[in-house]
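Residue-level listing of the chains:
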Amino acid sequence: MTKQRLTREDALTFHMEPVPGKWEVNATVPMTTQRDLSLAYSPGVAVPCEEIRDRPETAYDYTNKGNLVAVISNGTAVLGLGNIGALASKPVMEGKSVLFKRFADVNSIDLEIATEDPDAFCEAVRLLGPTFGGINLEDIKAPECFIIEQRLKEEMDIPVFHDDQHGTAVICAAGLMNALHLSGKKIEDVKIVLNGAGAAGIACIELLKAMGARHDNCIVCDTKGVIYQGRTEGMNQWKSAHAVRTDLRSLEEAMNGADVFLGVSVKGAVTPAMVESMADNPVIFAMANPDPEITPEEAHAVRVDAIVATGRSDYPNQVNNVLGFPYLFRGALDIHARAINDEMKLACARALAELAREEVPDEVALAYGRKLTFGRDYIIPTPFDPRLIHRIPPAVARAGMDTGVARRPIVDMDAYETGLKGRMDPTASILRSLNNRARAAQATVVFAEGDDPRVLRAAVAYQRNGFGQALVVGREDDVKKKLEAEGLGDAVRELTVVNAANTAHLETYKAFLYQRLQRKGIDQQDVHRLAARDRHVFAALMLAHGHADGMVTGATRKSAHVLELINHVYDAAPHDGAVGVTAVLARGRIVLIADTLVHEWPDENDLADIAERGASVARAFGLVPRVAFVSFSTFGYPVSERAAKMHAAPRVLDERGVDFEYEGEMAVDVALNPRSAEAYPFSRLTGPANVLVVPARHSASISVKLLQEMGGATVIGPILSGVHKPIQICSTVSTVNDILNMAVIAACNID
């Protein structure tokens, strides 16, 4: 798996742009009229207040309490940074809030409490209880984390969950279930060695014992060695609970003959010799971050029969907490749980283990660029498996109902699972899929406008994200100065700068161009100027001769002008089959709009071509195409000659016998809104359209820009399709991320 290189500048820019921080608050109700204001605030708001006063349980009906979790820390044990304080922990807590939303549609607010006093901390959290449906504690040092969690569990009537403890434990348990299954061993028989007796380690060993591991078979080690009965140095009540009667005193001694090693300690704690001394088919979970106790390469060098997991995404079998906490809280919130108990944690672990044994969907394999099959290198599901949202929460909810912690049990579990499937934003998985496909392709992409700082930053990001090689058209001195001005002086050595002066292929390019243009009024001097001095043409010539795999341009020139220049090298005119398709991502939906680049005023045959290209791009995005020919009219009313071609275009597709859904002409609301579509039961579309074919390029441009500016949509494109080479043209207002997305699409060779 390709490793990504992230710099301080990358991280700081990510957290600063487009606005500081990682989340914001959006209203879920209209606030545009006086009536709205009267309902949302005084006097209307008094009514639900009275209801909640009289029946407190209705707070889950009239407020966001039932889908709101607090992520709370005092910053005393943040990642590998240690005690950095409450304020410095805020970026991590914001990130955790974003993960809750992204993976399980759980709303979350981060709260940083500036105290190291457990009593003061507990009192602050307890007093906030009415606001939230659950509390996620994070990055609190041991042993205070044990004290705080236990007290809050006793004092609050909502789930309190310390993810550093139990999140790691749940994923570890899931992976161990499958690792032992593959090695033919039973948990009650295996010898387990744990190194690291902090919050995560203690939680792991406690959950494994709840699964059936025997106390005497579990050896816990810390920096002082084995925790044995009678030891006094560095002990506390939580360690003492796992002390065993043994003569073993060191990790090295404990590892001899062990079946399982669990590490939540430090880099290099385990040596190859220790691994070599383990029992047959050893299981090694080296979960120290960012560097494991022993790397998979080091472990497999001495034991090819080992099953190895780490906490890192660039190795197989990642023990990633994001597989657990979002779904645990999703299930707990949906039953209005009073707590998250061991049975719910084990239900989560079992569901994860079972999911990993099933056949992996094609979209997951596509996203990761490789086929995933249950075995030694795939014992835990991947974080971006779309089945997690509708498989894990129901298992957690059932366990909560069975153990009596549910205030409001789920009556129709089938309907609940169906509802969960519809909660997730498909756009995130689409972008993730494109990124992983680009990493697998390792394409060389030429960025034509190396004099623009946005383009240079995107080119650097393309390489550092592991997508492939970036070539930049420009002058070396100019590129160097601009990179230094952007704080990326170290990237000068990474990028390859290309131009007419340093290529050995200029004469070949010119001969090719002259052959194409000599009967179009272009002489050899014109050809020289185009090939040697125009960066758009030069980049297109590189692509045409196989010196790059894809091309990105358009950030500094109007798209129509850029397309005209590219037409010197490629056939990208309307009659050549070229089409511009723009992807609009907003509010969990993705819609493709075409033609946004090539056809100014297409006729019905052009519109049919555009529909076919749009359907092709939709499939490349992992969508099942549903095409709508949109207009101001719907199925012939009102009558207008300007809508006639939209009415005729579907008949052209009828004659062609295409293999995707299409319908029209229809208004946009009929195409996108199922309620509006109910008035037309004869429509051939089985769901909302995801490809909109518009009457003209100007209407396409207006639609896209209106959605972007007023609706806050993410816009990718226009994607140039039908040219048979991956050329992508950005807009002049593109951000660095927009340009990077276009480079990724070029690398994926979407057409």
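Thresholds applied
- Residues numbered from 1 in each chain as written.
- Predicted model: local features only at pLDDT ≥ 70, side-chain atom pairs only at ≥ 80, totals over all residues.
- Heavy atoms only, no water.
- Helix = DSSP H or I, 4+ residues; strand = E, 2+ residues; numbered from the N terminus.
- Contact = heavy atoms within 4.5 Å.
- Domains from an automatic or database assignment.
- Salt bridge = Lys/Arg side-chain N within 4 Å of Asp/Glu carboxyl O.
- Polar contact = N/O pair within 3.5 Å; in protein donor to acceptor, adjacent residues only side chain to side chain.
- Nonpolar A, V, L, I, M, F, W, Y, C, P; charged D, E, K, R; others polar.
- Pairing = 2+ DSSP bridges.
- Axes fitted to C-alpha atoms, helices over the stretch in contact; angles between N-to-C directions.
- Core = buried A, V, L, I, M, F, W, Y, C linked by side-chain atoms within 4.5 Å.
- Buried < 20%, exposed > 50% of the residue type's maximum accessible area, 1.4 Å probe, protein only.
- Phe/Tyr/Trp six-rings, centres within 6.5 Å; stacked < 30°, edge-to-face > 60°.
- Lys NZ or Arg CZ within 6 Å of the ring centre and 35° of its normal.

Trainee: Is there a simple way to explain the environment of Ala696 in this structure?
Mentor: Mapped onto the secondary structure, Ala696 falls in the loop between β19 (691–693) and α30 (697–710). Excluding its chain neighbours within four sequence positions, the residues that come into contact with Ala696 are Asp595, Glu600, Trp601 and Pro602.

Trainee: How should I be thinking about the domain arrangement of the protein chain in this particular structure?
Mentor: Think of interface size as the accessible area that goes away when the parts come together; that is how it is often given. Each domain of the protein chain was delimited in the assignment, giving domain 1 (8–28 + 64–158), domain 2 (186–319), domain 3 (322–424), domain 4 (436–568) and domain 5 (577–721). A separation of 23 Å is found between the C-alpha centroids of domain 1 and domain 3. Listed per partner, the contact involves 19 residues of domain 1 and 17 residues of domain 3. In this assembly, domain 1 and domain 3 are joined by one salt bridge. Residue Arg407 pairs with Asp157 through a salt bridge whose shortest N-O separation is 3.1 Å. Across the contact surface, domain 1 and domain 3 share four residue pairs in polar contact (both at pLDDT 80 or more). Mapped by element, the contributors of at least two residues to the side of domain 1 that touches domain 3 are α5 (90–104) and β3 (134–137). If one sorts the elements of the side of domain 1 that touches domain 3 by residue count, α5 sits on top with seven residues. A class-by-class count of the residues in the side of domain 1 that touches domain 3 yields eight nonpolar, five polar and six charged.

Trainee: Sorry if this is basic, but what is going on with the sheet that holds strand β13 (residues 496–498) here?
Mentor: The strand order β13-β12-β11-β14-β21 describes an open sheet built from five strands, whose pairing is parallel. Each edge of the open sheet carries a strand with a single partner, namely β13 and β21 (727–729). Along the sheet, successive strands turn relative to each other by an average axial angle of 25°, direction set aside. Relative to strand β12 (residues 468–473), strand β11 (residues 443–447) is paired through five bridges, and the arrangement is parallel. Paired with Ala443 across the strands is Gly468, a residue of β12. Along the sheet face, helix α25 (residues 559–566) touches β14 (550–553) and β21 and points at about 155° away from the line of β21.

Trainee: Teacher, can you tell me more about the nonpolar core here?
Mentor: One broad trend across soluble globular proteins is that nonpolar side chains are buried collectively. Judged by nonpolar contacts, the single largest core of 98 residues is most densely connected at Ile135, Leu137, Ile192, Leu262, Phe285, Met344 and Leu352. The element best represented in this core is helix α8 (residues 163–183), accounting for 10 residues. The residues contacting Leu137, other than those within four sequence positions of it, are Ile72, Phe121, Ile148, Glu149, Leu152, Val160, Phe161, His162 and Asp163. Among the nonpolar cores identified, the runner-up in size contains 65 residues, and Ala470, Val472, Val552 and Leu740 belong to it.

Trainee: Where do I start with the packing of aromatic side chains in this structure?
Mentor: The relative placement of two aromatic rings is captured by the distance of their centres and the angle of their planes. Inspection of the entire model under this criterion finds 12 aromatic pairs. Here Phe161 and Phe329 contribute two aromatic rings whose centre-to-centre distance is 5.8 Å and whose plane-to-plane angle is 85°, an arrangement assigned as edge-to-face. Of this pair, Phe161 sits in strand β4 (residues 160–162) while Phe329 sits in helix α14 (residues 325–334); the two residues are 168 residues apart in sequence, bridging distant segments of the chain. Phe329 carries the same exposure label as Phe161, and that label is buried. For the ring pair Phe447 and Tyr462, a centre distance of 6.0 Å and an interplane angle of 70° mean the geometry is edge-to-face. With Phe447 in strand β11 and Tyr462 in helix α20 (residues 453–464), this residue pair connects regions lying 15 residues apart in the sequence. What links up through ring pairs into an aromatic cluster is the set Phe100, Phe161, Phe325 and Phe329. Its end group placed over the ring of Phe103, Arg102 keeps NZ or CZ at 4.8 Å from the ring centre. The ring of Tyr228 carries the charged tip of Arg249 above its face, separated from the ring centre by 3.6 Å.

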